[in-house]
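Reading the structure
Here's the letter readout for the chains.
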Amino acid sequence: MTDTAATAIVIVAAGRGSRAGGGEPKQWRRIAGRSVLARAVAAFAQFPRIVVVLHPDDMLRGVAEFGGRVTLVAGGESRTGSVRNALESLAGGDIARVLIHDGARPFVSPAVIARVAAALDHADAAAPALAVTDALWTGAAGRVTGVAERAGLWRAQTPQGFRLDAILAAYRAHPGPAADDVEIARAAGLDVAIVEGEEENIKITWPGDFARAERMLGKAMDIRTGNGFDVHAFTAGDHVTLCGVRLPHEKALLGHSDADVAMHALTDAIYGALAEGDIGRHFPPSDPQWKGAASEIFLAHAAGLARQRGYALSNADVTIICERPKIGPHAIDMARELARITGSGADRISVKATTSERLGFTGREEGIAALATVTLVRA
Ligand code: MG
């Protein structure tokens, strides 16, 4: 068993990745809605200590993406400098081992991680690799100039695992550039065990790798849609709460909780996408503890349930149906509030409103109706 508490993960993502095209560094580009780097970090979720090395210009972005879940370290001039900064940040603590992973390898599997970690019980260092199976040529000017022997050649992957004190000493003794951490370890005389890598553990390098990555995920992707509809009647009062925003009004909405009809519709849409019933199943109206409750509790619960099951909220669209109060001037604040509660980007949440042309119960201003559609994606 790997001692996850004594094993730190270093994820190197400080490069600019210009070969992959696309305008922004490859580690920040999204594959099926989630950045390459976020996927790489998520692969190591079982380890409590994760250090992510970022380009100094990307530190704020890192805080926005990961919050306090990882330690962020600013990278150096080169990959070697970046890794060394991360290792120095771990020195002198209770970390005994470190797995150093390339932030551009988002599909590393638990099995590969476990093999590297287990090999460290018997070796100074261990890294995954695949034996070369294609024939190897030398070539120049578009012509084959020779055939190279492939026996004994390996394609190196990450994570590469080390005892922390040994690899830190190796880095301190090796200020120059290196292809990877194994090269630095070997320069210091460390014994490096090869464990089995996986073809799926690809390194995103070229523009075509994004399409390949999407295809790999597409096979496993689960996309779900849910809808929610809710109505609350007006009663005497001086304000209504819609999408968590309090609006002055000459009436209030009647309900067991704060009667936030729009937030209820969105919450039911998420439960619906998960086939988890509705708010009433999770927060029975017969239970007095939810009387007057802020509906934020319901929405946060539904969003948390989605997250727990591996779903990201891809987008939500909420429509409020009423003659008054006027929603338009507050729609952006409402979307922002829903984004905060669900932990989503504000650009993924839409709040809009319509009247019913004075027809029906909403037209007679007897109450407010709301509907919501949500898409959840697990990839
Ligand atoms: Mg309701």
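A word on the layout of surface pockets. Estimated volume of the largest pocket: approximately 1100 Å³. In this structure, the largest pocket is lined by 35 residues; those nearest its centre are R34, R69, R307, A312 and G343. The set of elements that each furnish at least two residues to the lining of the largest pocket consists of β3 (34-35), α1 (36-42), α2 (59-66), α10 (296-308), β17 (312-321) and β19 (367-378). Top element by residues in the lining of the largest pocket is α1. It accounts for four residues. Inspection of the lining of the largest pocket shows a minimum of three residues originating in each of domain 1 (4-217) and domain 2 (222-378).

Moving on: the coordination of the magnesium ion. Listed as protein donors to the magnesium ion are D230 (OD), H232 (NE2) and H264 (ND1); their distances from the metal cover 2.1 to 2.3 Å. Donor residues for the magnesium ion, ordered by position in the chain, follow D-x1-H-x31-H. Each member of the pair, D230 as well as H232, carries the same accessibility label: buried.

Here the structure, examined in full by the defined rule, presents zero disulfides. The cysteine C322 is free of any disulfide, with C243 supplying the nearest cysteine sulfur at 11 Å.

So, on to the pattern of salt bridges. Pairing between side chains of opposite charge can happen when their charged atoms approach one another. Summed over all chains, the structure comprises 22 salt bridges. The salt bridge involving E88 is made with R84; its shortest N-O contact spans 3.1 Å. You can see E88 and its partner R84 sitting in helix α3 (residues 79-90), four residues apart, about one turn around the helix. A residue is classified by how much of its surface remains accessible, and E88, at 28% relative accessible area, is partly exposed. Classification of R84 as partly exposed rests on a relative accessible area of 31%. For the salt bridge of D121 with R97, the shortest nitrogen-to-oxygen distance reads 2.8 Å. Here D121 is found in the loop between α4 (110-119) and β7 (125-131), whereas its partner R97 is found in strand β6 (residues 97-102), with 24 residues between them in sequence.

Attention now moves to the packing of helix α8 (residues 261-273) against α10. Two numbers describe how α8 lies on α10: the axes approach to 9 Å, and their chain directions differ by 20 degrees. By the angle class used here, α8 and α10 are roughly parallel. The handedness of the crossing between α8 and α10 is left-handed. Contacts from M263, H264, L266, T267, I270 and Y271 of α8 reach α10 at E296, F298, L299, H301, A302, A303, L305 and A306. For the contact of α8 with α10, the residue count by class is ten nonpolar, three polar and one charged.

The next subject is the pairing of strand β13 (residues 222-236). Pairing between β13 and β19: twelve bridges, direction antiparallel. Considered in β19, the bridge of H232 is made with I368.

What follows deals with the side chain of T241. By the secondary structure assignment, T241 is in strand β14 (residues 239-242). For T241, a relative accessible area of 15% gives the class buried. If near-sequence neighbours (up to four positions away) are discounted, T241 is found in contact with R246, D258, A259, D260 and V261.

Next up on the list: the domain arrangement of the protein. Each domain of the protein was delimited in the assignment, giving domain 1 (4-217) and domain 2 (222-378). For domain 1 versus domain 2, the separation of C-alpha centres amounts to 43 Å.

This part is about the side chain of H232. Locating H232 in the fold gives a position in strand β13. The buried category is assigned to H232, whose relative accessible area is 12%. One polar contact links H232 to H264, side chain to side chain, over a distance of 3.3 Å. Those residues in contact with H232, other than ones at most four positions away along the chain, are L253, L254, G255, A259, V261, H264, G367 and I368.

With 46 residues, the main nonpolar core has L242, I270, I320, M334, L338 and L376 as its most contacted residues. Elements with a contribution of two residues or more to this core: β14, β15 (245-248), α8, α10, β17, α11 (331-342), β18 (349-354) and β19. Other than its neighbours up to four places away in sequence, L242 contacts L247, L253, D260, V261, A262, I320, I327, M334 and I368. Judged by nonpolar contacts, the second largest core, of 27 residues, contains V73, L87, F162 and I184.

A word on the packing of α10 against α11. In the contact formed by α10 and α11, the axes pass within 8 Å of each other and the chain directions differ by 50 degrees. As judged from the angle between their axes, α10 and α11 are oblique. Listed contacts from α11 to E296, L299, A300, A303 and R307 of α10 are E337, L338, R340, I341 and T342. Classifying every residue of the contact of α10 with α11 gives five nonpolar, one polar and four charged.

How each quantity is defined
The residue numbers shown here count from 1 along each chain, following its written sequence. For this predicted model, a pLDDT threshold of at least 70 governs which residues receive local features, and a threshold of 80 or more governs which side-chain atom pairs are given and counted, while totals over whole chains, interfaces and linings are taken from all residues. Hydrogens and waters are ignored; side-chain quantities use all the structure's heavy atoms. Both site types are read off a 1 Å grid over the protein atoms alone. A 1.4 Å probe that fits but cannot get out defines a cavity, while an open set with protein on both sides within 12 Å along at least five of seven lines defines a pocket; lining residues have an atom within 4 Å of a point. Grid points are joined across faces, edges and corners, and a volume is the space filled by probe spheres set on the points. The numbering of helices and of strands both runs from the N terminus, where a helix is a DSSP run of H or I of at least 4 residues and a strand a run of E of at least 2. By convention here, the domain bounds are inherited from an automatic or database domain assignment. For Na, K and Ca the donor cut-off is 3.2 Å, while for other metals it is 2.8 Å, and in both cases only N, O and S atoms qualify; water is not among them, so sites may look incomplete. Under the scheme applied here, a residue whose accessible area is under 20% of the maximum for its type counts as buried, over 50% as exposed, and between as partly exposed, the area being computed with a 1.4 Å probe on protein chains only. Disulfide: a pair of cysteine sulfur atoms within 2.5 Å of each other. Definition used for salt bridges: Asp or Glu carboxyl oxygen within 4 Å of a side-chain nitrogen of Lys or Arg. For every element, the axis is a line fit to its C-alpha atoms; helices are fit only across the contacting stretch, and the angle between N-to-C directions ranges from 0 to 180 degrees. Each angle gets one of four labels, with under 35 degrees taken as roughly parallel, over 145 as roughly antiparallel, 65 to 115 as roughly perpendicular, and the rest as oblique. Working rule for handedness: look at the near helix, and if it is turned counterclockwise from the far one by less than a right angle, call the crossing left-handed; if clockwise, right-handed. What makes two residues a contact is simply this: any of their non-hydrogen atoms within 4.5 Å. Note that Gly is not counted as nonpolar here; it falls among the polar residues with everything else outside the nonpolar set of Ala, Val, Leu, Ile, Met, Phe, Trp, Tyr, Cys and Pro and the charged set of Asp, Glu, Lys and Arg. Two strands pair if DSSP finds at least two bridges between them. N or O atoms within 3.5 Å of each other form a polar contact, as long as, within protein, one can give a hydrogen and the other can take it, and as long as residues adjacent in sequence are counted only when both atoms are side-chain atoms. Among buried residues, the Ala, Val, Leu, Ile, Met, Phe, Trp, Tyr and Cys ones that are joined through side-chain atoms within 4.5 Å form a nonpolar core.

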